[in-house]
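Coordinates in review
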Amino acid sequence: MRTSLRSLILPVALCFATPAEGQEPNFGRALDMTADELVIGQPVNWYGPGTVYTYGPSASGGWELEQRLTAPDSSRMDDFGRAIAIDGNTLVVAAPRKHEGAGSVYVFARAERAGPWTIEATIAAPGDGSRSEFGAALLLAGDELLVGAPESAGTGVVHSFRRGGGGWALQATMAPDGESGAAGFGAALSWHTDRLLIGAPGSDEGRGGAYVTGREPDGTWSDMTRVPLPPTATVERAAAGASVRMSEGQAFIGAPGAATVVVLESDASGAWAGAATLESPIEPDGSQFGFSIGRVGEELWVGAPGIDRRNGRVFRFAASADGWGDAERLDPDDTSGASWPLGFGYAVASSGDQAVVSMPSRDFGEGRVMPLSRTNGGWAAHDLLEGRSEEHMS
């Protein structure tokens, strides 16, 4: 069954500022979750290889560690875990900067939910091994896998793979053919049913852009159509398309350099038109509002990891008959900045009444993740999650 409401986001055209001489955002760089499982990536671990942590529900209502994964060809700070996608008994982990930027994707499988993850396949970047950042973004549904490679072929591409008896085979490669100025295509991906939304935040010298395509009756994807965006979302260095989200009849495109999220709606013919523009309620300059987007039930959560001296915030917008109401602010547990700025809101994931927000710059660049659950009065936070060294595993 298609997992149509989840998207995996990795903005590659916009750098997230970290303190001088500090490591880049780490634990919580990538998130994905289902109703009873949470997966967190830690791609640039100072003390060892990139690591992915899998969690299950705890008796207290939070999450407890189940397994810790590394690449079969692991090495220190090898980028494993920069993008992740889970669907049923398949887990895909990407290391887009591995092999001098060519990238690599690892597929793990298990026999049942209670079983351990084991490596099933390693998918190398198609082509000649040149820099492509293969795996910058991932989408997984059953035996279908889409992989973004935003540095490939000048414009960026998206590769489509399908699992069969012989493993994972490349089916097609999508590109913004004939589009002048396209760049970073495939940096962010989201789909709903048979429609696919692709971010290209490097387009037009960093102003950004996004594209949509639909699945044809024979299973192939149609030609790319560029999505119309308002001028306020495509200012200089806006990086529109750094984050994208698609749901029933709606598309959301983050432009963190412009502190804007564009809301589009499709008509009966499938054409897209602007319906609203959401802006940072406070401190728009440098806020990176729109760096991450999550559809949490009927709400839209927008991450602004640059706000408040890069401690970050998440803003919750509620849908109504008149569009989107005023934002409610979701705060991290601590904004003192004593252990470096947090970067709260760098990534967001949700499933049902559970959500997680990452702050991957916290604690001197080690990173933390805040789990939340819905209550009658809103959202309640649980104990923070952090990366754990192997010797501390039970």
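In this text the structure is predicted, and so the values were computed from the model without any measurement.

1. Thoughts on the pairing of strand E5 (residues 63-69)
Where a strand is regular, its side chains alternate between the two sheet faces. Of all seven residues making up E5, five are buried, and the element is well covered by its neighbours. With six bridges joining them, strand E4 (residues 51-57) and E5 adopt antiparallel strand pairing. When the bridges of E5 are listed, Tyr53 appears paired with Arg68.

2. Remarks on the side chain of Arg215
If you trace the backbone, Arg215 turns up in the loop between strand E16 (210-214) and strand E17 (225-226). Side-chain polar atoms of Arg215 contact the side chain of Glu144, separated by 3.0 Å. From its side chain, Arg215 meets the backbone oxygen of Gly219 in a polar contact 3.5 Å long.

3. Focus on the pattern of salt bridges
Tallying each qualifying case throughout the model produces 26 salt bridges. Among the ionic pairs, Asp308 bridges to Arg313, the shortest N-O distance being 3.2 Å. Overall, Asp308 belongs to the buried group, its relative accessible area being 17%. Of the charged contacts, one joins Arg316 and Glu328 as a salt bridge, the two residues approaching to 3.6 Å between their closest N and O atoms. In this pair, Arg316 sits in strand E24 (residues 313-320) while Glu328 sits in strand E26 (residues 328-330), placing the two residues 12 residues apart along the sequence.

Cut-off values and rules
- Residues numbered from 1 in each chain as written.
- Predicted model: local features only at pLDDT ≥ 70, side-chain atom pairs only at ≥ 80, totals over all residues.
- Heavy atoms only, no water.
- Buried < 20%, exposed > 50% of the residue type's maximum accessible area, 1.4 Å probe, protein only.
- Helix = DSSP H or I, 4+ residues; strand = E, 2+ residues; numbered from the N terminus.
- Pairing = 2+ DSSP bridges.
- Polar contact = N/O pair within 3.5 Å; in protein donor to acceptor, adjacent residues only side chain to side chain.
- Salt bridge = Lys/Arg side-chain N within 4 Å of Asp/Glu carboxyl O.

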